[in-house]
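Structural description and commentary
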Amino acid sequence: MTRIIPLFTLAGVPDCETSTHYIATEDMLGLSLLRFNKAPARDVVMIVHGLTTSSDMFIMPEHENLVRYLHANGYPDVWCFDYRMSNRHPYNLTRHRYTMDHIALFDFPPALARIREISGADVRIHVITHCLGAVSFCLGLFGGAITGVTSAIANSAGLAPRVPGWSRLKLKMAPFLMDYIINEPYLAPNWGEERGLTPGKLVSKVVDLFHPECDNKACHMLSFMWGTGRPALYSHANLLDVTHERGGDLYGPTSPQYYRHVNKMVKHGHAVKLDPSDPSLKRLPDDYLSRAAEVTTPVLFTTGRDNHVFANSNIVCHEMLEKITPGLHELKIYDGYGHQDVFMGKDVAQDVFPAMLDFIRRHSWSEDQIQAA
């Protein structure tokens with residue numbers, strides 16, 4: 001594979017102080033936060049990626065990315081959190097048994113604590129989340145593990161995951177096939193680039209046969225790994241060619257364990273623990289809607305109208321919560337967008353980010369400050 005843009009580059013956010021801050025979780029994993037700081041601020045933003053991606057999806061140099069957009073619009077202190085799902089960390093390369101419950105309870109609290117330690121104990125923290133990062137964050141927020149957040153945005157899925165029919169079958173079968181048939185610890189978008197004739201490369205070749213929409217092997221694998229469609233994660237028309245070509249870098253491998261948790265939530269109808277008998281997770285509720293009435297943090301649920309990964313998940317989630325706490329949470333649907341192109345698309349700074357910015361401003365700045373901006 002020939003790279004046009006370096007792997008893990010920070011070139012997409014110039015002219016600011018960039019620093020890495022490491023944290024340790026209660027269950028003994030090392031995680032990291034990337035801080036992009038131009039000035040002290042009362043309102044700070046933490047951004048959270050989805051499964052198999054990383055902070056890199058928010059700092060892409062080929063288009064106006066989310067961090068740069070926030071800097072240009074009054075939010076100079078932005079943090080990107082690489083938690084245990086990140087492809088910047090090695091944890092997805094093993095046959096682990098981590099769930100989104102573990103992320104909710106163990107990953108987010110120390111990350112938020114570190115931001116308060118460095119940016120200031122009295123800062124207002126606004127969180128923008130995506131994919132299973134959004135689901136995990138919602139578990140922490142509605143499960144009581146996350147407190148003191150001023151506002152949150154959850155893209156694509158929250159407390160009510162929904163997936164297309166073909167995806168339901170994949171969720172059910174993938175863990176068994178991976179653990180006992182293919183005998184690989186993870187699925188990887190770059191399997192087609194492996195040297196030699198490996199099991200992963202064979203899978204990639206078979207997947208290629210069902211995806212004539214482009215000639216990018218990683219794109220085909222991503223549609224196989226997540227969602228239903230050709231392609232599944234995004235519309236080709238929304239991506240720059242260079243973004244499409246570097247899909248194997250922007251998305252990484254994943255253990256199928258998280259599929260088990262999504263599958264249980266889909267079958268149950270809303271967010272629940274994967275293993276209620278796990279004593280390490282007893283501080284969390286078995287059913288995450290059980291405490292929804294106690295949550296006062298407003299959440300903007302966003303989704304692309306053409307979402308072929310989590311379908312109408314956030315529409316359903318907003319409907320559920322509207323019955324419990326009417327008027328607290330909001331919903332935004334982006335026409336012409338799907339799952340991943342909400343952040344990775346070439347025109348997101350014009351089509352997507354303004355609605356997110358408006359929501360954050362309404363929960364941070366005064367009216368005078370909004371008008372001045």
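On a predicted model such as this, the values are computed, not experimentally measured, just so you know.

1. Examining the overall build of the protein
Broken down by element type, the protein carries 14 helices and eight strands. In terms of C-alpha radius of gyration, the protein reaches 19 Å, essentially the compact-globule figure of 21 Å for 373 residues. Looking at the 373 residues of the protein, the share that counts as buried comes to 59%. Here the analysis covers contacts within the protein between residues at least 6 apart in sequence; of these, 74% occur between residues at least 24 apart. When the accessible surface of the protein is totalled, it reaches about 14500 Å², and 54% of it is carbon and sulfur. Of the side chains in the protein, 35 bear a positive and 40 a negative charge, and the two mean positions are spaced by 5 Å.

2. Things to note about the nonpolar core
Counting 114 residues, the largest nonpolar core has Met46, Ile47, Ile128, Leu132 and Leu159 as its most contacted members. Setting aside its immediate chain neighbours within four residues, Met46 contacts Leu33, Trp79, Phe81, Phe108, Ala111, Leu112, Ile115, His126, Val127 and Ile128.

3. Quick notes on the packing of helix α4 (residues 165–182) against helix α9 (residues 257–268)
Interhelical geometry of α4 versus α9 gives an angle of 150° and a closest axis separation of 9 Å. In terms of orientation, α4 and α9 fall into the roughly antiparallel class. Considering the relative orientation of α4 and α9, their crossing is left-handed. Here α4 contributes Arg168, Lys170, Leu171, Lys172, Ala174, Pro175 and Asp179 to the contact with α9, which in turn contributes Tyr259, Arg260, Val262, Asn263 and Val266. Across the contact of α4 with α9, the residue classes break down as six nonpolar, one polar and five charged.

Cut-offs and rules
- Residues numbered from 1 in each chain as written.
- Predicted model: local features only at pLDDT ≥ 70, side-chain atom pairs only at ≥ 80, totals over all residues.
- Heavy atoms only, no water.
- Helix = DSSP H or I, 4+ residues; strand = E, 2+ residues; numbered from the N terminus.
- Rg over C-alpha atoms; globule rule 2.2 N^0.38 Å.
- Buried < 20%, exposed > 50% of the residue type's maximum accessible area, 1.4 Å probe, protein only.
- Contact = heavy atoms within 4.5 Å.
- Areas by Shrake-Rupley, 256 points an atom, 1.4 Å probe, with all protein chains shown as cover.
- Lys, Arg positive; Asp, Glu negative; His and termini not counted.
- Charge placed at Lys NZ, Arg CZ, Asp CG, Glu CD.
- Core = buried A, V, L, I, M, F, W, Y, C linked by side-chain atoms within 4.5 Å.
- Axes fitted to C-alpha atoms, helices over the stretch in contact; angles between N-to-C directions.
- Parallel < 35°, antiparallel > 145°, perpendicular 65-115°, else oblique.
- Left-handed = near helix turned anticlockwise from the far one by under 90°.
- Nonpolar A, V, L, I, M, F, W, Y, C, P; charged D, E, K, R; others polar.

Treat this as a map of the structure, not an account of what it does.
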